[in-house]
Every structure is written in C-alpha cells, then in structure tokens.
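Chains, contacts and geometry: an overview
What follows is the residue order along each chain.
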Amino acid sequence: MTFENILTSFEDKVLTITLNRPEKLNALNAKTIEELHEALIEAENNKEIRAVILTGSGNKSFVAGADIAEFANFSVAQGKQLAATGHFKIFNFIENYSKPVIAAINGFALGGGLELAMCCHIRVASENAKMGLPETSLGVIPGYGGTQRLAQLVGKGKAFEMIVTADMLNAQDAYKWGLVNYVVTSEDLLTKCKEIVSKIALRSPVAVKTAIRVINAGYNHHLNGFDVEIEEFGKMFGTHDFKEGVKAFLEKRKPTFNGN
Ligand code: COA
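Predicted model, so just to flag it, every value in this text is computed and none were measured.

1. Observations regarding the side chain of glutamate 244
- Counting through the fold element by element, glutamate 244 comes out in helix α11 (residues 240-250).
- Polar contacts involving the side chain of glutamate 244 include one to the main-chain amide nitrogen of threonine 256, which spans 2.7 Å.

As structure tokens, this is what we get:
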C-alpha cells in the first residue's frame, strides 16, 4: 500500500511508520490520520509484525500538532467531529492496539503530536525533543485525549500547569516528570526503540496483547481493572503460548510462541 503523508518500513519484526510532512513539521491533517489508521489496521493482521514505532520525518519535529490551517474555520459541530474522529481512528485506536506502539519523539511533540505520543504504550525522546500542549494559546483545549492522558502520565497538578500555561518541556524535564521512558541522542533514538522491540518479540504475542487490554481496563471508568485481570489471567491458561512457555521453562529451553 502506498501513502502520501506517511512512510512505512518493516525490519526485524517491527513496522516503523514515519509521519512525513516535514514542510509542515508533520502536522496531523485528515489525510494523515486516515493513512495512519489504514497502516495500523494492515499491521494488526500481520503476524510478522510484533510492534510499531511511530516517528516524524526530519530532525526537527515528531508532530507539531493537529493541522491548524485545516480546522481554522470549523464550526462547533465540525470541531466536535474532528475530536471524535481522531479518538476513534488514532488515539483510542492506538491505546487499545493489540501490539505495543512506541513513540520515537524526534523533536517537537506539540498538541496533537504530544497526544499522539501519549496514546502510545512507550515513549522514547531524543535530547532535542520539546513537548507541550499549547492549545490554550490558540483559544482551544486539547481534543485528542490530552486532558485525560497527560494527567494519567504526569499527575493532575503537572497536567494542569502544562495545559493552562501552554509551556513546553524539554526532554530531560519530560523524563523527570514521567512523560517519557527514556531520553537518548538523536542518533540512538530508533536503535533504543528497536532494542525495546527486540525484547517484546521474545514474549508471547497473546500475553502481550492481553496485558495491554488489562492495563487499559484500569483506566476505563466502566470497568474494574482487577476483575478484568482475574478474568483474563484465567483465560491465559487455555492458550498454547502459556502451555509452551511453562513447558519451555521446565525443560530449560527458550519458548516458541505462536500467539494462540
Ligand atoms: N499546523 C499547521 N501547520 C503547522 C503547524 C501546525 N500545527 N505547526 C507548524 N506548521 C507549519 C508552519 O505554518 C510553517 O508552514 P509555512 O512554512 O507554510 O508557513 C511550517 O510548519 C514550519 O513552521 P514554523 O512555525 O515556521 O517553524 P518554527 O521553527 O518557527 O516554529 C513551532 C516551530 C513548532 C514552535 C511552530 O511551528 C508552532 O508553534 N506550531 C504550532 C504548534 C501548536 O500550536 N500545535 C497545537 C495545534 S492544536
């Protein structure tokens, strides 16, 4: 499949998706959201792909936000639809994806860009990364899950501060605040992400997928995360991967998981 605004490459069990509108600092317009959604659907069905890395083209920006020019003249109804479509196609979609998605933050991650990084399961930033939710400086609020996920990651007090001041954090502060898991040099950014994937690729696909679902259940107000954990933990005992994992341990060998 060929895309206009994203690039995809597959190597060593990982699909790397590069948002590719460098002249607009990779701002998320409707077409980019659609293409990202399609690429993720395709990758979900490919058993060879064990994880996805999301990054931005160029060395200046991961994603500098939703495309401001595109929504500049939107009505109230269109604004609501913009947020709802984004949640459905990208932000909730990635958070609930069956394979880990890692954000390789290679520069500005602002507004929708930071929201994109925050819906990923793991975040790695390069030293030059700058992160923030500047929406209040445009007279709007974060609409792609930022008001909720930022507070989950850094706590309510820091989320209030970042959103109402619209200030940017540098990579080291983002690390100290718990917003990113690692800070590395630009040269090491993808290597670090691939190193994480190399560990994921050794684990049971069905266990990894279930773990993502159960961790997310704890943040879903309609569910009790502990109850979901008990249910899903039990189901694991019926999988091939569980039987193989335990058998391999007892036989002192490496397991061969098939994801069933
Ligand atoms: N939407 C649309 N276009 C964007 C954009 C966005 N979120 N962010 C950057 N661009 C475009 C600029 O309009 C400019 O396009 P042009 O050359 O056709 O005029 C191009 O990307 C380069 O950006 P520029 O502002 O010239 O780069 P800079 O280095 O001076 O500043 C930023 C970088 C990130 C500080 C600045 O681009 C910015 O503040 N962007 C908006 C961030 C934001 O508010 N995001 C939240 C949106 S809800």
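On we go from here.
2. Topic: the pairing of strand β1 (residues 6-11)
- Where β1 and strand β2 (residues 14-19) come together, six bridges link them in antiparallel fashion. By the bridge assignment for β2, phenylalanine 10 is matched with leucine 15.
- Counting the residues between successive antiparallel strands, the hairpin from β1 to β2 contains two residues, one of them, aspartate 12, with a positive phi of roughly 50 degrees.

3. Observations concerning the site of the ligand
- Taken together, 15 residues lie around the ligand, and Lys24, Lys60, Ala64, Ala66 and Ile68 are the ones closest in.
- Between the ligand and glutamate 23 there is a distance of 3.5 Å, counted from an oxygen atom to a backbone nitrogen or oxygen.
- Here a nitrogen atom of the ligand and a backbone polar atom of alanine 66 are 2.9 Å apart.
- Within the complex, the protein chains bury 59% of what would otherwise be the 860 Å² of accessible surface of the ligand.
- Partitioned by chemical class, the residues of the shell around the ligand number nine nonpolar, one polar and five charged.

4. Focus on the nonpolar core
- Counting 47 residues, the largest nonpolar core has Ile105, Leu116, Met131 and Leu179 as the members making the most contacts within it.
- Among residues more than four places away in sequence, those in contact with isoleucine 105 are Phe62, Ala117, Arg123, Val124, Ala125, Ser126, Ala129, Met131, Val180 and Leu189.
- Ile122, Val184, Cys193 and Ile200 belong to the second-largest nonpolar core, a separate cluster that totals 13 residues.

5. Details of the sheet that holds strand β6 (residues 108-110)
- Overall, mixed pairing links the four strands, which are arranged β4-β6-β8-β9 in an open sheet. A single partner strand is all that each edge strand has here, and the edge strands are β4 (61-63) and β9 (168-170). This sheet shows a mean twist of 20 degrees between the axes of neighbouring strands, independent of strand direction.
- Of the pairings in the sheet, the one linking strand β8 (residues 130-132) to β9 comprises three bridges and is antiparallel in character. Bridging from a neighbouring strand, lysine 130 pairs with asparagine 170 of β9.

6. Details of a nonpolar patch on the surface
- Side chains of Phe233, Phe237, Phe242, Val246, Phe249 and Leu250 sit close together on the surface and give an oily, nonpolar patch of about 650 Å² of accessible area.
- The leading source of residues in the nonpolar patch is α11, at four residues.
- Mapping phenylalanine 249 onto the fold places it in helix α11.
- For phenylalanine 249, a relative accessible area of 65% puts it in the exposed group.

7. Here we look at the packing of aromatic side chains
- In this structure the tally under the stated criterion is four aromatic pairs.
- Between phenylalanine 93 and tyrosine 97, the aromatic rings sit 6.0 Å apart at their centres with planes inclined by 55 degrees, giving tilted as the arrangement.
- Judged by relative accessible area, tyrosine 97 falls into the buried class, the value being 1%.
- Over the ring of tryptophan 177 we find lysine 158, and its NZ or CZ is 5.4 Å from the ring centre.
- Between lysine 192 and the ring centre of tyrosine 182, over which it is positioned, the NZ or CZ distance is 4.1 Å.

Calculation notes
- Residues numbered from 1 in each chain as written.
- Predicted model: local features only at pLDDT ≥ 70, side-chain atom pairs only at ≥ 80, totals over all residues.
- Heavy atoms only, no water.
- Helix = DSSP H or I, 4+ residues; strand = E, 2+ residues; numbered from the N terminus.
- Polar contact = N/O pair within 3.5 Å; in protein donor to acceptor, adjacent residues only side chain to side chain.
- Pairing = 2+ DSSP bridges.
- Near = heavy atom within 4 Å.
- Areas by Shrake-Rupley, 256 points an atom, 1.4 Å probe, with all protein chains shown as cover.
- Nonpolar A, V, L, I, M, F, W, Y, C, P; charged D, E, K, R; others polar.
- Core = buried A, V, L, I, M, F, W, Y, C linked by side-chain atoms within 4.5 Å.
- Buried < 20%, exposed > 50% of the residue type's maximum accessible area, 1.4 Å probe, protein only.
- Contact = heavy atoms within 4.5 Å.
- Axes fitted to C-alpha atoms, helices over the stretch in contact; angles between N-to-C directions.
- Patch = residues over 30% accessible without salt bridge, like charges linked within 9 Å, V, L, I, M, F, W, Y side chains within 5 Å.
- Salt bridge = Lys/Arg side-chain N within 4 Å of Asp/Glu carboxyl O.
- Phe/Tyr/Trp six-rings, centres within 6.5 Å; stacked < 30°, edge-to-face > 60°.
- Lys NZ or Arg CZ within 6 Å of the ring centre and 35° of its normal.

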